[in-house]
Amino acid sequence: YSFNLDGTNIYMTLSTLFVSQAMGVHLSFAEQMQVMAVAMLTSKGATGVTGAGFITLAATLGSVRPELLPGMAVLLGIDKFMSECR
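Just so it is clear, the structure is predicted and the values come from calculations on it, not from any experiment.

### Considering the nonpolar core
Okay, step 1: With 12 residues, the main nonpolar core is built from Tyr11, Met12, Val19, Val25, Leu27, Ala39, Phe54, Leu57, Leu61, Leu68, Met72 and Leu75.
Okay, step 2: Mapped by element, the contributors of at least two residues to this core are helix H1 (6-23), helix H3 (52-64) and helix H4 (72-76).
Okay, step 3: Setting aside anything within four residues of it in sequence, one finds Met72 in contact with Phe54, Leu57, Ala58 and Leu61.

### Focus: the environment of Val35
Okay, step 1: Relative to the helices and strands, Val35 is located in helix H2 (residues 29-46).
Okay, step 2: Separated by 19 residues in the primary sequence, Val35 and Thr16 place their C-alpha atoms 7.7 Å from one another.
Okay, step 3: Discounting chain neighbours no more than four positions away, the residues touching Val35 are Thr13, Thr16, Thr60 and Val64.

### Looking at a nonpolar patch on the surface
Okay, step 1: There is a patch of nonpolar side chains on the surface, built from Phe29, Met33 and Met36 and spanning about 310 Å² of accessible area.
Okay, step 2: Position of Met36 among the secondary structure elements: in helix H2.
Okay, step 3: Judged by relative accessible area, Met36 falls into the partly exposed class, the value being 36%.

### Regarding the side chain of Glu31
Okay, step 1: Mapped onto the fold, Glu31 is located in helix H2.
Okay, step 2: Those residues within four positions of Glu31 in sequence are excluded, and the remaining contacts are His26, Val64 and Arg65.

### Regarding the packing of H1 against H3
Okay, step 1: Where H1 meets H3, the axes come as close as 10 Å, and the angle between the chain directions of the two elements is 50 degrees. Relative to H3, the element H1 is oriented oblique. For the pair H1 and H3, the sense of crossing is right-handed. Every residue of H3 that contacts H1 at Tyr11, Met12, Ser15 and Thr16 is listed here: Gly53, Phe54, Thr56, Leu57, Thr60 and Leu61.
Okay, step 2: Taken together, the residues of the contact of H1 with H3 sort by class into five nonpolar, five polar and no charged.

### Description of H1
Okay, step 1: When the terminal C-alpha atoms of H1 are compared, their 26 Å separation across 18 residues agrees well with the 26 Å that a helix rising 1.5 Å per residue should span.
Okay, step 2: Listed in full, the buried residues belonging to H1 are Thr8, Asn9, Tyr11, Met12, Thr13, Ser15, Thr16, Val19 and Ser20.
Okay, step 3: Phi turns positive, to about 75 degrees, at Gly24, one or two residues after H1.

### Overview of the pattern of salt bridges
Okay, step 1: By the definition in use, this model includes two salt bridges.
Okay, step 2: A salt bridge links Glu31 to Arg65; its shortest N-O distance comes to 3.0 Å. Here the residue Glu31 occupies a position in helix H2, and Arg65 occupies one in the loop between H3 and H4, the gap between them amounting to 34 residues.
Okay, step 3: Looking at Arg65, the relative accessible area reads 18%, which means it is buried.
Okay, step 4: A salt bridge links Glu67 to Arg65; its shortest N-O distance comes to 2.5 Å.
Okay, step 5: Sharing partners across several salt bridges, the network here consists of Glu31, Arg65 and Glu67.

Rules behind the numbers
Residues numbered from 1 in each chain as written. Predicted model: local features only at pLDDT ≥ 70, side-chain atom pairs only at ≥ 80, totals over all residues. Heavy atoms only, no water. Core = buried A, V, L, I, M, F, W, Y, C linked by side-chain atoms within 4.5 Å. Buried < 20%, exposed > 50% of the residue type's maximum accessible area, 1.4 Å probe, protein only. Helix = DSSP H or I, 4+ residues; strand = E, 2+ residues; numbered from the N terminus. Contact = heavy atoms within 4.5 Å. Patch = residues over 30% accessible without salt bridge, like charges linked within 9 Å, V, L, I, M, F, W, Y side chains within 5 Å. Areas by Shrake-Rupley, 256 points an atom, 1.4 Å probe, with all protein chains shown as cover. Salt bridge = Lys/Arg side-chain N within 4 Å of Asp/Glu carboxyl O. Axes fitted to C-alpha atoms, helices over the stretch in contact; angles between N-to-C directions. Parallel < 35°, antiparallel > 145°, perpendicular 65-115°, else oblique. Left-handed = near helix turned anticlockwise from the far one by under 90°. Nonpolar A, V, L, I, M, F, W, Y, C, P; charged D, E, K, R; others polar. Expected span 1.5 Å × (residues − 1).

As structure tokens, then:
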């Protein structure tokens, strides 16, 4: 694993936690570790393409807790901003 890709990994992990808290869905510790593991794998392909972090976030949410996918609408407005910071 390359740690040069940590910006996308941190974005996906924190976005997942933010969406779950905003929707009132509790993630257990095991689910949080699963989010981290999936984000570490999926961030490999998302780093080189602008806006791909949002798509891989959808894949990460879908693999851990599919009921969190509608919460991505909250992040849609600021994703372009966040994409510039990654």
